[in-house]
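Inside the fold
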Amino acid sequence: MDYKSIYENVKVGEVFYDHPLKDYTTFGIGGKADVLVKPTSEDELRNILKINHKFAIKTTVIGRGSNLLISDKGIRGTVIVLADNYSNITVEGEVLSALAGTSLNEAALCAIENHLSGMEEISGIPGSVGGAVAMNAGAYGGEIKDICILVKAFDFEGNEYEFTNSDMHFSYRHSKIFEQDLIVSSASFKLKAGNYDEIIEKYQDFTNRRISKQPLDRKSAGSTFKRPVGSYASKLIDECGLRGYRVGECQVSEKHCGFIINVDKATCTDMLSFIEEVSRIVSEKTGFVLEREVKLIGEI
Ligand SMILES: Cc1cc2nc3c(=O)[nH]c(=O)nc-3n(C[C@H](O)[C@H](O)[C@H](O)COP(=O)(O)OP(=O)(O)OC[C@H]3O[C@@H](n4cnc5c(N)ncnc54)[C@H](O)[C@@H]3O)c2cc1C
């Protein structure tokens, strides 16, 4: 496919060809995208979707890559990145709205500056607003579904939709976005006016808990596995004696057993087989089946 001539005269944002993806993930793993596009507005996003639909170009959307395992062969077609390039926050009364690429932490800090409470629990999740909405991300008892009141989304033909909270089918690390193959363009959150000192204290408490318990300086995608009903993945992995367990470049974190880390140069193939092995050992020793939370995308 002659991508260059297709994208040449259309306003879609920055375009890169045959572009490495590993630096777009917190795992630091992944092959190349045929095309990588960074739209900066809804118009540019709509333009890419419409042109890709017209030319039947396979399209993949990623946010800040903090829950992703990208295959070594990379991703065919076009990868749309919605991160810093697609970022903006507005606040009206108790409602904070943000474009999908906005960092969740920046949104939470903006809420605090406006003396609004409700995002402190999820503030340390290193993803985008769009990725967090799609995943119904959550931490310390708070979840996106508790505060999200409106989601603006596109389908892969460039049609636009608006969804209220109940439309979104939010459940544990899941939403309508995955059911119907949609793209979050922006989201609005209903927060609560509060006392600045109390809000910032809560925020700092959650930040400190994360720093003390999670290997934030290592390459990972956070919790590798979903929480199994009746237990915790990290507890089960620890009980199986796997704390610090390492095969080649993949390792169960010493600091938090729920995190599997890329020591430095792991491939996607290495990581997948390591994840499978950890899961197999846990299943054999405890009977609990660990399901991968990290999303695998690309050509296998
Ligand atoms: C150190 C660390 C700590 C973490 N802690 C937590 C935690 O406490 N709680 C938690 O829930 N998660 C946690 N995570 C995982 C991750 O940060 C979340 O899942 C986050 O919501 C993913 O957002 P993202 O923008 O990085 O999405 P990506 O990783 O880029 O994508 C994840 C999935 O969402 C889709 N997606 C991304 N953006 C969009 C969009 N705009 N529209 C449609 N689909 C989209 C992608 O296609 C993919 O399927 C952690 C990760 C790390 C590295």
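Please read all numbers here as calculations on a predicted model, not as lab measurements.

Below, the discussion takes up the sheet that holds strand β11 (residues 148-155). The five strands lie next to each other as β6-β7-β13-β11-β12, forming an open sheet whose pairing is antiparallel. The open sheet has two edge strands, β6 (89-92) and β12 (160-164), and neither has a second partner. Sheet twist, expressed as the mean angle between neighbouring strand axes with direction ignored, is 20 degrees. Taken together, the seven bridges between β11 and strand β13 (residues 182-190) define a ladder with antiparallel strand orientation. Counted as the bridge partner of K152 is S186 from β13. Against the sheet, helix α2 (residues 42-54) makes contact with β7 (95-99), β11, β12 and β13, and its axis sits at roughly 40 degrees relative to β11, the strand it touches most. Lying over the sheet, helix α3 (residues 104-113) contacts β6 and β7, oriented at roughly 30 degrees with respect to β6.

Looking now at helix α7 (residues 196-213). Compared with the 26 Å implied by 1.5 Å per residue over 18 residues, the 26 Å span of α7 between its first and last C-alpha is a close match. Buried residues of α7: I199, Y203, F206 and R210, and no others. All buried residues of α7 fall inside an arc of 65 degrees around its axis, so they share one side. More than 90 degrees from the buried face of α7, the exposed residues found are D197, E198 and E201. Where α7 is buried, its residues contact α3, β8 (116-117) and β9 (138-139).

The next thing to look at is the domain arrangement of the protein. The assigned domain composition of the protein is domain 1 (3-83), domain 2 (87-198) and domain 3 (216-297). On a C-alpha basis, the centroid separation for the pair domain 2 and domain 3 is 27 Å. For the pairing of domain 2 and domain 3, the buried interface totals around 420 Å² over both sides, and the portion due to carbon and sulfur atoms is 60%. The salt bridge partner of E293 is R173, with a shortest N-O separation of 3.8 Å. Scanning the region where domain 2 abuts domain 3 turns up one residue pair in polar contact (both at pLDDT 80 or more).

Let us look at the pattern of salt bridges. Summed over the entire model, instances satisfying the criterion amount to 25 salt bridges. D205 is paired through a salt bridge with R209; the nearest N and O atoms lie 3.2 Å apart. Of the two residues, D205 and R209 both sit in helix α7, four residues apart, roughly one turn of that helix. Across the salt bridge formed by E284 and R280, the nearest N and O atoms sit 3.4 Å from each other. Of the two residues, E284 and R280 are both situated in helix α9 (residues 268-286); the distance of four residues between them amounts to about one turn of the helix. Of the residues examined, E284 reaches a relative accessible area of 59% and is grouped as exposed.

Ordered by their spatial adjacency, four strands build an open sheet running β1-β2-β5-β3, and the pairing between neighbours is mixed. What marks the edges here is a single partner per strand, and that holds for β1 (14-20) and β3 (59-62). Here the strands of the sheet are splayed against their neighbours by 30 degrees on average, with no regard to which way each runs. Across the sheet, α2 touches β2 (32-38), β3 and β5 (75-81), and the angle it forms with β5 is around 160 degrees.

Take the site of the ligand next. Close contacts around the ligand come from 37 residues, with V61, G63, S66, S128 and G138 the closest. S66 is positioned with one of its side-chain polar atoms (N or O) 2.6 Å from an oxygen atom of the ligand. Residue S128 places a side-chain N or O atom 2.6 Å away from an oxygen atom belonging to the ligand. Here the ligand loses 93% of its free accessible area of 960 Å² to cover by the protein chains. Those elements that provide at least two residues to the shell around the ligand are β3, α4 (129-135), β9, α6 (176-179), β13 and β15 (219-223). Ranked by the residues each element gives to the shell around the ligand, the list is headed by α4, at five residues. Tallied by class, the residues present in the shell around the ligand amount to 20 nonpolar, 13 polar and four charged.

Parameters and conventions
- Residues numbered from 1 in each chain as written.
- Predicted model: local features only at pLDDT ≥ 70, side-chain atom pairs only at ≥ 80, totals over all residues.
- Heavy atoms only, no water.
- Pairing = 2+ DSSP bridges.
- Helix = DSSP H or I, 4+ residues; strand = E, 2+ residues; numbered from the N terminus.
- Axes fitted to C-alpha atoms, helices over the stretch in contact; angles between N-to-C directions.
- Contact = heavy atoms within 4.5 Å.
- Expected span 1.5 Å × (residues − 1).
- Buried < 20%, exposed > 50% of the residue type's maximum accessible area, 1.4 Å probe, protein only.
- Arc of directions from axis to C-beta.
- Domains from an automatic or database assignment.
- Buried area = accessible area lost by both parts, 1.4 Å probe.
- Salt bridge = Lys/Arg side-chain N within 4 Å of Asp/Glu carboxyl O.
- Polar contact = N/O pair within 3.5 Å; in protein donor to acceptor, adjacent residues only side chain to side chain.
- Near = heavy atom within 4 Å.
- Areas by Shrake-Rupley, 256 points an atom, 1.4 Å probe, with all protein chains shown as cover.
- Nonpolar A, V, L, I, M, F, W, Y, C, P; charged D, E, K, R; others polar.

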